[in-house]
Amino acid sequence: MLNKKIIVGALASLVVSTSLFATKVTAIKTSIAEESFQMKIVVNILERMGYEVETTNDVSYDIAYQTIANNTKSDDVYFMAANWDPLHDGKITALGKEKFAKFSPYISGCAQGYLIDKKTADKYNIKYINDLKDPKIAKLFDLNDDGKADLAGCNAGWGCEKVIEYQLDAFDLRGTIEHNQGEYSALIADTIANYKTGKPILYYTWTPYWVSGKLVPGRDVVFLQVTHSANPNQASTKLSNGADYGFAVNSQKIVANASVKKYKDIAKLFDIVKLDVNDVSGQNMLMTNGQKKEKDIDRHVKMWIEKNKAKVDAWIKEAKAAK
């Protein structure tokens, strides 16, 4: 007969090991379709580690951060793989930094800013968004004859909206620039259509995103700089080379509820997983070329995982060793 203490000990070990994977993990999916790829890569790796992961419906950034904050002490894990740092700092600060766990950069080198078509920039020597304070320059980008430049801008609630609105005041551009808001994908589709017909264009965008594959900076369009830093998130946006585009170069990080730290393997994975910004741009381009259904994105993730198998296996091994 087996020793009773041995049986009890074995059962206790079983409870401990199975309770780990009984943890509910929820991936919060943002309303930006092009951010699904990066989220699904993390989900795929977590599943390979033995976790079952649920994914939410599309939600705004504000709802995503509120959901994470509401579950700060939960025994379950809630995470989003699209924390723009420092662009979203204000959202986290407003809810309480102590409610969140932020990790090392997942995607680095995420640039953003204002762009105009290169033809107009060269012809009129336009280098700064501040140049549009001149009504004559602003009029070049007037699409509806109201005397103001039409800027294809940010959706309400996005971090970039706050920066653009702040800078329109800081640079005294309210009288010459109209910040057009709505569904960004529709605004940028109109922008590209206008470019193809030879009209001057003014728009905001970011990388990684498919737009810069259609309107290539340096070839079709140029980034505008600012004459001096004016950003609600940081005192200076000047780069090491002296250029200043008004927005800091961001990193995208994984952010989770603070209690995730008790699951050392998950926290370690969130801290070490990396995704190249060019891989995201390439996948986003596939989406804009028609491969945008859920099954398409799942296929893109599978291809990326297979291509980067050695890295993924190493991340899983390191994460599991942290338990």
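Position numbers for residues start from 1 in each chain and track the written sequence from start to end. Predicted model: local features are reported for residues with pLDDT of at least 70 only, side-chain atom pairs are reported and counted for 80 or more only, and whole-chain, interface and lining totals are derived from all residues. Water and hydrogen atoms play no part in the side-chain values, which are based on all heavy atoms of the structure.

Undergrad: Quick one: what's the story with the overall build of the chain, residue by residue and with numbers?
TA: Helices and strands together make up the secondary structure of the chain, namely 13 helices and 10 strands. Taken along its principal axes, the extent of the C-alpha atoms in the chain is 95 × 40 × 35 Å. For the exposure calls, accessible area comes from a 1.4 Å probe over protein chains only, and a residue counts as buried if that area is under 20% of its type's maximum, exposed if over 50%, partly exposed in between. Evaluated residue by residue, the chain yields a buried proportion of 50% over its 323 residues. Contacts: residue pairs with any heavy atoms within 4.5 Å of one another. In the chain, the share of contacts with a sequence separation of at least 24, taken over all contacts with a separation of at least 6, comes to 76%. On the chain, roughly 15,500 Å² of surface is accessible, and the fraction owed to carbon and sulfur atoms is 53%. In summary, the charge assignment counts Lys and Arg as positive and Asp and Glu as negative, without counting His or the chain termini. All charge positions are set by atom: Lys at NZ, Arg at CZ, Asp at CG, Glu at CD. Computed over 43 positive and 39 negative side-chain charges, the separation of the two mean positions in the chain equals 6 Å. Only runs of H or I of at least four residues qualify as helices and only runs of E of at least two qualify as strands under DSSP, and these elements are numbered from the N terminus. Where accessible areas are quoted, they stem from the Shrake-Rupley method and a 1.4 Å probe; at the residue level, only the protein chains shown are allowed to cover.

Undergrad: Tell me about unusual backbone geometry, and name the residues and values.
TA: Residue proline 86 is bonded to the preceding aspartate 85 through a cis peptide linkage, with omega at 15°. Relative to the elements of secondary structure, proline 86 occurs in the loop between strand E3 (77–85) and helix H4 (89–95). Cis geometry marks the peptide bond from threonine 207 to proline 208; its omega dihedral reads 5°. Of note in the backbone geometry, asparagine 125 takes a positive phi value of approximately 55° without being a glycine. You can see asparagine 125 is positioned in the loop between helix H5 (118–124) and helix H6 (135–139). Residue aspartate 145 is not a glycine yet carries a positive backbone phi of 60°. Along the chain, the position of aspartate 145 falls in the loop between H6 and strand E6 (149–152). In this structure aspartate 145 comes out as exposed when scored by relative accessible area, which is 66%.

As far as function goes, none of this settles anything; it's purely spatial.
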